[in-house]
Amino acid sequence: MEKCPCGSEKEYAQCCEPIILGERPAETAEALMRSRFSAYAKKITDYIVKSTHPDQRQADSPQTVEDWAQNTRWHSLNILECTDGGPEDTEGSVEFVADYTEKNKRKKHHELAQFKKKDGKWFFYDAGLPQIKQYIRPEPKIGRNTPCPCGSGKKYKKCCGI
């Protein structure tokens, strides 16, 4: 009983394997994203190429995918957000972070993947960088010369701001 590499906590045989083997289609863009990650983790590169939208496949794509898959070790997938991409949709996006090792260096791949349906079947279409979300501080910033909020009577820079 092997857990699925996609991080779903389900068994591989019940999660991504049937999609990869073509026994059932991916019902959502997220399901296709998870199956593609599992295919990378298991180095099933023909599925990665086949699950790419036909309009986006390139002649060198199979070899490029093969080279990258063989030279990486995939550890985990974290889905951050899905927009559309449900069973009734024709397009959707999945923002994710994938943790992997390449050339003995641990890396994170943060991407906003676009998916489209063709003939009722989900395909990976394109990818880009997600929009950076600005951090908004929930409380006012404490100035260096402001009295320390701990109540010591000292300036922040001389107390807790050290």
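This text goes with the structure placed above it.
Basis of the calculations
Residues numbered from 1 in each chain as written. Predicted model: local features only at pLDDT ≥ 70, side-chain atom pairs only at ≥ 80, totals over all residues. Heavy atoms only, no water. Helix = DSSP H or I, 4+ residues; strand = E, 2+ residues; numbered from the N terminus. Buried < 20%, exposed > 50% of the residue type's maximum accessible area, 1.4 Å probe, protein only. Contact = heavy atoms within 4.5 Å. Phe/Tyr/Trp six-rings, centres within 6.5 Å; stacked < 30°, edge-to-face > 60°. Core = buried A, V, L, I, M, F, W, Y, C linked by side-chain atoms within 4.5 Å. Arc of directions from axis to C-beta.

Visitor: Explain the overall build of the protein residue by residue, including any values.
Guide: A tally of regular secondary structure across the protein gives 4 helices and 4 strands. Counting helices and strands in the order they occur from the N terminus, the protein gives α-α-α-α-β-β-β-β. Projected onto the principal axes, the alpha-carbon positions of the protein cover approximately 70 × 40 × 35 Å. The burial tally for the protein puts 34% of its 162 residues in the buried class. Across the protein, contacts joining residues at least 24 apart in sequence account for 42% of those joining residues at least 6 apart.

Visitor: Break down the packing of aromatic side chains for me, with residues and values.
Guide: Under the definition given, this model contains 7 aromatic pairs. Each ring, one from F37 and one from W74, has its centre 5.8 Å from the other, and the planes form 80°; the classification is edge-to-face. Taken together, the positions of F37 in helix α2 (residues 29-42) and W74 in strand β1 (residues 72-84) put the pair 37 residues apart, joining distant regions of the chain. Their ring planes at 80° and their centres at 5.6 Å tell us that Y40 and W68 sit as a pair that is edge-to-face. Separated by 28 residues along the polypeptide, Y40 in helix α2 and W68 in helix α4 (residues 61-70) bring together distant segments of the chain.

Visitor: A description of the nonpolar core should follow, citing residues and the corresponding values.
Guide: Within the largest apolar cluster, 30 residues are counted, with the highest numbers of intra-cluster contacts made by C16, M33, L77, F96 and F115. Contributions of two or more residues to this core are made by α1 (17-20), α2, α3 (45-50), α4, β1, β2 (91-102), β3 (105-118) and β4 (121-128). Those residues within four positions of L77 in sequence are excluded, and the remaining contacts are C6, M33, R34, F37, F96, V97 and A98.

Visitor: Describe α4, listing the residues and the values that go with them.
Guide: Among the residues making up α4, those that are buried are S61, V65 and A69. Along α4, the residues classed as buried sweep out an arc of 60° about the axis, all on the same side. Summarising the contacts, the buried residues of α4 are in contact with α2, α3 and β1.

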